[in-house]
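Remarks on the overall topology
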Amino acid sequence: MRLLALLLLIALAPQQPSKHAAEEAFAAAVSEKGLQQMVRDLVALGPRMGGTPSGDAAAEFRRAYFQKLGLTAAVVDDPAVLAHWESTWTLTVAPNGRLESAWPMGFSPTVRPDAEGKVLYVKDLAAALPAAEWAGAVLYTPGSIGRAYQAIAKSPHRPLAIVSSAPHQAGKYMDAARLSSLAAREDNPIAAFAVSYRDGETLRAAAEKGLRVRVGLVSYTRKAPVKTAIATLEGADTSKYWLVCAHGDSDSGGPGADDNASGEATVMEIARVLKSLADKGQFKPAHSIKFVIWGSEYHSARAYIEREGANLANVLGVLNFDETGTGAEREAIYFESNDVPWNKAMLTTLAQVGADYVGKPGFWPEYATNPSQGGTDSYAFLPKQYKGTDYTTLQIPSTTVYTAAWDQLASLEQTPGWDVPGQPGSRKLEIDYSAYYHSSGDTPENTTDREPQNMVRAVKAVGMALLRLAR
């Protein structure tokens, strides 16, 4: 009887909350479907480049989302840039039809509807001399346009358009164009397009047969402010804050689902879940958390640093997201810049969250911290010795969280003092990549809809780390 009574008392006693109750509540609230839909909604607006109509619409979309959550939200103007965008285009080879991978390069001029030219194959554009037959033709090159563009633009034998294809890389750019841009000018005289490797082969065959290509492009250029969305979840002490951010533009000018609508969606979902926990009394940050979607990569981060001035010293740490929507060969999440000494405390917390949940259902099979690689907004807050920009001399902890980087598998030497998780004694890290990096194939169908678990993991990793950091 005594044992039965004791068991009954235990059963009826108030249950103590789990050590990680708030973290468990956070993880349970993350919406995979919501993340997927957010990416679709953002991509539907267009490339979202700074200074363009789609960039402006995206900034307002983000502001409205943050405000609906109950956060203090606003859109701020960053310095004006020369912006370019396209509304419609076509590249058609008879009798093959439209080349679906074709994507205009940034700052290409408008081409009158249904303009036509004979397609000519030029193996190495930089080594070739403009010839009379180039005038009014469509040049196809399997290599880079690069510096050859300006020489061709000055020639009296100007082609109607120049088309460049992606290189032959197994599993990459076979059916998607590798995107790039011409110089940012209002008066570029020749339209340029990128196509996939397979569409490049179609153009090569068309050149051998003496076929013609039909080209059309409607494009626009203007100088306009770049718009950045900022929202704040206030903490007990509002004098200092954590900065959670992502660039909102598709910096390649393409669909930009993984790069970087996935990063945007990750920031917005962290904001949603943290605000929900705060409203329920499950989380009260000691310091504020600012959520920022940069209107233009680097440009807007620099503008923010300059606007903040001396107040920038109040930033406790920068947690940036770039490419959280895919991974070509691994199922990993990465926390960057462990070679920056003042990142140690923040990255140790992220790594501890990684270790606490690795392999558990709904979390990451593998994780790692890694040295600086550069190329995204966290580096706006770091010095050049760590691949930063030197926009500020303050020692602000700054990391980028991602599931893929660049377009090929990277092998890095791990920073001394940091381990390669799951590989005792190893000093080599493998960093996963995107098969659709900066391409016309960076669509939800190819990235975030196919691997939504990546965004979920990024949200959980940083959201749960913030619960620890901001307590």
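Residues numbered from 1 in each chain as written. Predicted model: local features only at pLDDT ≥ 70, side-chain atom pairs only at ≥ 80, totals over all residues. Heavy atoms only, no water.

1. Focus on the overall build of the protein
Note the threshold: Starting at the N terminus, helices and strands are each numbered in turn, a helix being any DSSP run of H or I of at least four residues and a strand any DSSP run of E of at least two. Note that the radius of gyration is over C-alpha atoms, with the globule rule given as 2.2 Å times the number of residues to the power 0.38. Buried residues are those whose accessible area, probed at 1.4 Å on protein chains only, stays under 20% of the maximum for their type, while exposed residues exceed 50% and partly exposed ones sit between those limits. Whether two residues are in contact is decided by their heavy atoms, any of which lying within 4.5 Å being enough.
Tallying secondary structure elements over the protein gives 10 helices and 16 strands in all. A compact globule built from 471 residues would reach a C-alpha radius of gyration of about 23 Å, and the protein, at 25 Å, matches this within 12%. Each principal axis of the C-alpha atoms in the protein carries an extent, and together these give about 100 × 45 × 40 Å. Put simply, the protein has 471 residues, and 56% of those count as buried. Nonlocal contacts in the protein, meaning residues at least 24 apart in sequence, comprise 78% of its contacts between residues at least 6 apart.

2. So, the nonpolar core
The condition that has to hold: Here, the term nonpolar core denotes a set of buried Ala, Val, Leu, Ile, Met, Phe, Trp, Tyr and Cys residues that are joined through side-chain atoms within 4.5 Å.
In terms of nonpolar packing, the biggest core is built from 60 residues, with Phe 26, Phe 66, Leu 274, Phe 291 and Phe 321 touching the most fellow members. In terms of residue count, helix H10 (residues 453–469) provides more of this core than any other element does, 11 residues in total. Ignoring sequence-local partners within four residues, the contact set of Phe 66 consists of Leu 71, Ala 73, Ala 231, Val 267, Met 268, Ala 271, Phe 291 and Ile 293. Leu 91, Trp 103, Ile 162 and Leu 182 belong to the second-largest nonpolar core, a separate cluster that totals 42 residues.

3. Describing the pairing of strand E8 (residues 212–233)
How we decide: DSSP bridges decide pairing: two strands pair if at least two such bridges lie between them.
As paired elements, strand E1 (residues 72–93) and E8 share 19 bridges and run antiparallel to each other. Bridging across to E8, Ala 83 finds its partner in Arg 222. The sheet contact formed by strand E4 (residues 111–121) and E8 spans five bridges and is antiparallel. Bridge assignment links Lys 118 to a residue of E8, and that residue is Arg 212. Bridge count for E8 against strand E10 (residues 287–294) is five bridges, and the pairing is antiparallel. Residue pairing in the sheet places Leu 233 in a bridge with Ile 289 of E10.

4. As for the packing of helix H7 (residues 257–279) against H10
Axis angle and axis distance: for two packed helices, these are the angle between their axes and the distance between the axes, and together they describe the pair. Heads up, the rule is: Axis definition: a line fitted to C-alpha atoms, limited for helices to the stretch in contact. Angles are taken between N-to-C directions and run from 0 to 180 degrees. Here the word oblique covers every angle except those under 35 degrees (roughly parallel), over 145 (roughly antiparallel) and from 65 to 115 (roughly perpendicular). Each crossing is labelled by how the near helix is turned from the far one, with a counterclockwise turn of less than a right angle marking it left-handed and a clockwise turn marking it right-handed.
Contact geometry for H7 and H10: axes closest at 9 Å, N-to-C directions at 45°. Relative to H10, the element H7 lies oblique. The way H7 lies across H10 gives a crossing that is right-handed. The segment H7 lies against H10, with Ser 262, Ala 265, Thr 266, Glu 269, Ile 270, Leu 274 and Leu 277 engaging Met 455, Ala 458, Val 459, Val 462, Gly 463, Leu 466 and Leu 467.

5. Topic: the side chain of Gln 414
This is how it is decided: For this analysis, a polar contact is any N or O atom pair within 3.5 Å, provided that within protein one partner can donate a hydrogen and the other can accept it, and provided that sequence-adjacent residues contribute only side-chain to side-chain pairs.
Relative to the helices and strands, Gln 414 is located in the loop between strand E15 (410–413) and strand E16 (428–431). Judged by its relative accessible area of 3%, Gln 414 is buried. A polar atom in the side chain of Gln 414 sits 3.0 Å from the side chain of Asn 338. Of the polar contacts made by the side chain of Gln 414, one reaches the backbone oxygen of Asp 419; its length is 2.8 Å. In this structure Gln 414 touches Asn 338, Thr 369, Asn 370, Pro 371, Asp 419, Val 420, Arg 427 and Leu 429, once residues within four positions along its chain are discounted.

6. Examining the packing of aromatic side chains
For any two aromatic rings, the description comes down to two numbers: the centre-to-centre distance and the angle of the planes. Using the following cut-off: Aromatic rings from Phe, Tyr and Trp, with only the six-membered ring used for Trp, were paired whenever their centres fell within 6.5 Å, and each pair was classed as stacked if the ring planes differed by under 30 degrees, edge-to-face if by over 60, and tilted otherwise. Charge-over-ring placement is defined geometrically: NZ (Lys) or CZ (Arg) within 6 Å of the ring centre, and within 35 degrees of the ring normal.
Enumeration according to the criterion identifies 11 aromatic pairs in this entry. Ring centres 5.9 Å apart and planes at 35° place the aromatic pair Tyr 121 and Tyr 140 in the tilted group. You can see Tyr 121 sitting in strand E4 and its partner Tyr 140 sitting in strand E5 (residues 138–141), a full 19 residues away along the chain. Taking relative accessible area as the criterion, Tyr 140 reaches 1% and is therefore assigned buried. For the pair Trp 294 and Tyr 304, a centre-to-centre distance of 5.5 Å together with 75° between the ring planes defines the contact as edge-to-face. With Trp 294 in strand E10 and Tyr 304 in helix H8 (residues 299–308), this pair connects stretches of sequence that are 10 residues apart. Classification of Trp 294 as buried rests on a relative accessible area of 0%. Three or more aromatic residues joined by ring pairs form one cluster here, namely Tyr 65, Phe 66 and Phe 291. Directly above the aromatic system of Tyr 433 lies the positively charged group of Lys 172, at a separation of 5.1 Å from the ring centroid. The cationic tip of Lys 460 hangs over the ring face of Phe 363; the distance from NZ or CZ to the ring centre is 4.6 Å.

7. Some details on the side chain of Thr 349
Tracing the sequence through the fold places Thr 349 in helix H9 (residues 344–357). Using a relative accessible area of 17% as the deciding quantity, one classes Thr 349 as buried. When residues no more than four places from it in sequence are discounted, the contact partners of Thr 349 are Ala 465, Arg 468 and Leu 469.

8. Focus: the confidence of the model for the protein
Do not read the predicted coordinates in detail wherever pLDDT is low. What counts, and what does not: pLDDT measures the predictor's confidence residue by residue and takes values from 0 up to 100.
For the protein, per-residue confidence averages 94 on the pLDDT scale, and residues scoring 70 or more make up 96% of the total. When pLDDT is averaged over each element of the protein, strand E14 (residues 398–402) comes out on top at 99 and helix H1 (residues 2–12) at the bottom at 42. Confidence drops under a pLDDT of 50 for residues 1–17, and excluding neighbours within four residues, the segment shows one contact in the predicted structure.

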